[in-house]
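Each chain is listed here by its residues.
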Amino acid sequence: MANRIVWSLVLVAVVLAFLGRWAWLGNAARTPRTLVAYLATAVLLFANWMTWIWAVTNGRVVDASLGYFMTPLVNVALGTLVLGERPRATQWGAVGLAGVGVAVMTATTGALPWIGLVLAFSFGLYGLVRKTAPLGALEGLSLETLILFPAALAYLAWRWGAAPTAFPAPSAAVNLWLIGLGPATAVPLLCFAYGARRLPLTTLGLLQYLSPSIQFLLGVLVFGETLGAGRLAGFALIWAGLALYSADAWRQRGRDAAAHALDRPEPV
């Protein structure tokens, strides 16, 4: 986690230096509201990344994929509870199916699927705060990692060369893997933010299912994690909710496109 933060900041700092985009930092430092907003997103990002790392290193990849399957439905719930949005009936149905799926998993396994819930709600809340935050994608990620940087650097200094996988490691390959955590973290986030501005929201939402689908398949087919009937039933209900949500989004996109075409003046 510490390597992920430090090398991500190094990468975004290089990009900012190349683009000559540093003026925002002074304004952000003088604006308490901005600092508080990005302190909150930094904490949420830390919780999300740390939970993901723990899950992957403890054989819980399938549970981690659940969190990102649930994220779009958590966004609907947060939009209703926090922003006062009014979801359509089908969206409520999708959220309800996800809730039943979580209940089934809890009842059959005897424990809440806490990994998926932490990942879904931390990322959902992160998106909610970033929605109203003033900085762009690159600047926002830079400020978040800058806030986390002192603690991460102190931890790396404390662990300096203390283990074969601590930086600097005796193996050049391990050092490259650790430094590579920066691009592996920052580049997908920046690409997502870039694409989010240019793709229709429904297309973006469907593309977001690719990542948890790949994670799920890796967990089952590559790492040999077992599902069990109860967990599989819970996943099936959540997938059904996602299918309902996606179908509703596509229908609404078609209605909006038709309405826009009707409003467009005829060419002379």
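Note that the coordinates shown come from a computational prediction; the quantities given were computed from them, not determined experimentally. (Residues numbered from 1 in each chain as written. Predicted model: local features only at pLDDT ≥ 70, side-chain atom pairs only at ≥ 80, totals over all residues. Heavy atoms only, no water.)

A. Main features of the overall build of the protein chain. Assigned secondary structure in the protein chain consists of eleven helices and zero strands. If you list the helices and strands of the protein chain from N to C, you get α-α-α-α-α-α-α-α-α-α-α. Here the protein chain, with 268 residues, has 39% of them falling under the buried criterion. Taking all contacts inside the protein chain whose residues are at least 6 apart in sequence as the whole, residues at least 24 apart take part in 78%. As displayed, the protein chain offers around 14,700 Å² of accessible surface, 71% of which is attributable to carbon and sulfur atoms. (Helix = DSSP H or I, 4+ residues; strand = E, 2+ residues; numbered from the N terminus. Buried < 20%, exposed > 50% of the residue type's maximum accessible area, 1.4 Å probe, protein only. Contact = heavy atoms within 4.5 Å. Areas by Shrake-Rupley, 256 points an atom, 1.4 Å probe, with all protein chains shown as cover.)

B. Region of the structure containing the side chain of S122. Along the chain, the position of S122 falls in helix α6 (residues 114-132). A polar contact of 3.1 Å, which involves the side chain of S122, links it to the side chain of N48. Of the polar contacts made by the side chain of S122, one reaches the backbone oxygen of L119; its length is 3.2 Å. Here S122 is in contact with L44 and N48, once residues within four sequence places are set aside. (Polar contact = N/O pair within 3.5 Å; in protein donor to acceptor, adjacent residues only side chain to side chain.)

C. Examining the packing of helix α4 (residues 61-81) against helix α10 (residues 210-222) more closely. The N-to-C vectors of α4 and α10 enclose an angle of 165°; their axes lie 8 Å apart at closest approach. With respect to each other, α4 and α10 are oriented roughly antiparallel. As for how α4 packs across α10, the hand of that crossing is left-handed. For the pair α4 and α10, the contacting residues are V61, V62, A64, S65, Y68 and F69 in the first and P212, S213, Q215, F216, G219 and V220 in the second. (Axes fitted to C-alpha atoms, helices over the stretch in contact; angles between N-to-C directions. Parallel < 35°, antiparallel > 145°, perpendicular 65-115°, else oblique. Left-handed = near helix turned anticlockwise from the far one by under 90°.)

D. Quick look at the packing of helix α1 (residues 2-19) against helix α7 (residues 137-158). Direction vectors running N to C along α1 and α7 enclose 135°, while the axes themselves pass 8 Å from each other. The orientation of α1 relative to α7 falls into the category oblique. Crossing hand, α1 versus α7: left-handed. Each of A2, N3, I5, V6, S8, L9, V12, V15, L16 and L19 in α1 lies in contact with α7, whose residues at this interface are L138, L141, S142, T145, L146, L148, F149, A152, L153, Y155 and L156. A per-class count over the contact of α1 with α7 returns 17 nonpolar, four polar and no charged. (Nonpolar A, V, L, I, M, F, W, Y, C, P; charged D, E, K, R; others polar.)

E. Structural context of the environment of S171. Relative to the helices and strands, S171 resides in the loop between α7 and α8 (172-196). S171 sits in the partly exposed class, given a relative accessible area of 29%. There is a polar contact of 3.2 Å between the side chain of S171 and the backbone nitrogen of A173.

F. Examining helix α3 (residues 32-57) more closely. In a regular helix each residue adds 1.5 Å, so 26 residues correspond to 38 Å; α3 covers 37 Å between its end C-alpha atoms and thus fits that length. Among the residues making up α3, those that are buried are T34, A37, Y38, T41, A42, L44, L45, N48, W49, T51 and A55. Downstream of α3 by a residue or two, G59 has a phi angle that is positive, lying close to 65°. (Expected span 1.5 Å × (residues − 1).)

G. Quick peek at the nonpolar core. If you look at the biggest cluster of nonpolar residues, it comprises 28 residues, and the most contacted ones within it are I5, V12, W24, Y38 and L143. Elements that contribute at least two residues to this core include exactly α1, α2 (23-29), α3, α7 and α8. Per-element accounting of this core gives the leading share, seven residues, to α1. If we ignore the near neighbours within four places in the chain, the residues touching I5 are F46, W49, T145, L148, F149 and A152. (Core = buried A, V, L, I, M, F, W, Y, C linked by side-chain atoms within 4.5 Å.)

H. Quick peek at the side chain of T41. Structurally, T41 can be placed in helix α3. Under the relative-accessibility criterion, T41 is labelled buried at 0%. Those residues in contact with T41 that lie beyond four places of it in its chain are Y126, V129, R130 and E144.

I. Structural view of the packing of aromatic side chains. Here the structure, examined in full by the defined rule, presents twelve aromatic pairs. Summarising the aromatic geometry, the rings of F69 and W239 are spaced 6.0 Å apart at their centres and angled 80° between planes, so their arrangement reads as edge-to-face. Pair noted here: F69 is in helix α4 and W239 is in helix α11 (residues 228-263), with a separation of 170 residues, a long-range link. Residue classification places W239 among the partly exposed residues on the basis of a relative accessible area of 30%. (Phe/Tyr/Trp six-rings, centres within 6.5 Å; stacked < 30°, edge-to-face > 60°.)

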